[in-house]
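Coordinates in review
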Amino acid sequence: THASMSEAKTVNLTGKWKLVKIEGDIDGFFKAQGWSWMARKAASAFATSVFDKTEVITMDEKTYKCEEKGAPRDKNRVQNYTIELGSGKEVDWTDPPGGKVKLSASIEGDKLILKTTGEKYPKIITRYIKDGKMYDSCSVFIDGKKLDGDITNVFEKVE
């Protein structure tokens, strides 16, 4: 079935996605978390190296379900979670470096907005489709304000 014009304005990330590229203002992302220049230089090189990661996403207007496989330094990490969109309810989530945080999700226009809590530097992750690829852009988000810097994962659809 073809999506009507009203449905086309929302976001649907359903599919199997593979990480192909990491880009963004990575130095700024770490700077926003108080990292020293030396630590940022070391981390920036590592942060842009693509690791083996796939995500199988199933979503509708009410739920976002993700099956993640792979993380930096741990290609076998598996994590499955389901979030009620826009409910404000949080689920347990392990961030890419391995930190345990809480995650909530909502839809804003043609973007999926994920927010973390329970860490010193909470994050806002914006997911959207551009040119057939899924972009996952993460920034530090403190007191309702997005700070400069981002680390953006680019995924290609494989199924």
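Residues numbered from 1 in each chain as written. Predicted model: local features only at pLDDT ≥ 70, side-chain atom pairs only at ≥ 80, totals over all residues. Heavy atoms only, no water.

1. Section: the pairing of strand S6 (residues 100-108)
For a regular strand, side chains alternate in direction, first toward one face of the sheet and then toward the other. In the sheet, strand S5 (residues 91-94) pairs with S6 via 4 bridges, with the strands oriented antiparallel. Residue threonine 94 lies in a different strand from S6, and its bridge partner there is lysine 100. Hairpin connection from S6 to strand S7 (residues 111-117): 2 residues lie between these consecutive antiparallel strands, with glycine 109 at a positive phi of about 65 degrees. (Pairing = 2+ DSSP bridges. Helix = DSSP H or I, 4+ residues; strand = E, 2+ residues; numbered from the N terminus.)

2. Digging into the environment of aspartate 74
Position of aspartate 74 among the secondary structure elements: in strand S4 (residues 74-84). Using a relative accessible area of 32% as the deciding quantity, one classes aspartate 74 as partly exposed. Placed 38 residues apart in sequence, aspartate 74 and leucine 112 show a C-alpha to C-alpha distance of 26 Å. (Buried < 20%, exposed > 50% of the residue type's maximum accessible area, 1.4 Å probe, protein only.)

3. Description of unusual backbone geometry
Trans is the common state for peptide bonds, and a negative phi is the common state for residues other than glycine. At aspartate 131, a residue that is not glycine, the phi angle is positive and equals roughly 50 degrees. Mapped onto the elements of the fold, aspartate 131 is located in the loop between strand S8 (123-130) and strand S9 (133-142). The exposure class of aspartate 131 is exposed, given its relative accessible area of 70%. Positive phi outside glycine occurs at aspartate 143, with the angle close to 50 degrees.

4. Details of the layout of surface pockets
In this structure, the largest pocket spans a volume of roughly 630 Å³. For the largest pocket, the lining is made up of 30 residues, of which Phe29, Pro72, Pro96, Pro97 and Ile151 are closest to its centre. For the lining of the largest pocket, the secondary structure elements donating two or more residues are helix H2 (26-31), helix H3 (37-47), S7, S8, S9 and strand S11 (151-157). Partitioning the lining of the largest pocket into residue classes produces 17 nonpolar, 4 polar and 9 charged. (1 Å grid on protein atoms, 1.4 Å probe; cavity = no way out; pocket = protein on both sides within 12 Å on 5 of 7 lines; lining within 4 Å. Points joined across faces, edges and corners; volume = space filled by probe spheres on them. Nonpolar A, V, L, I, M, F, W, Y, C, P; charged D, E, K, R; others polar.)

5. Thoughts on the pattern of salt bridges
Following the criterion strictly, the structure yields 15 salt bridges and no others. For lysine 89, the salt bridge identified is with glutamate 84, shortest N-O distance 3.2 Å. Salt bridges here are not isolated pairs; linked through shared partners, they connect Lys53, Glu55, Glu68, Arg127 and Asp136. (Salt bridge = Lys/Arg side-chain N within 4 Å of Asp/Glu carboxyl O.)

6. As for empty space enclosed by the protein
Under the definition given, this model contains 1 cavity of 30 Å³ or more. If you go around the largest cavity, the residues you meet are Lys53, Glu68, Gly70, Ala71, Arg77, Gln79, Trp93, Thr94, Asp95 and Pro96. Those elements that provide at least two residues to the lining of the largest cavity are strand S3 (63-71), S4 and S5. For the lining of the largest cavity, the leading source of residues is S3, giving 3 residues. In the lining of the largest cavity, the residues fall into 3 nonpolar, 3 polar and 4 charged.

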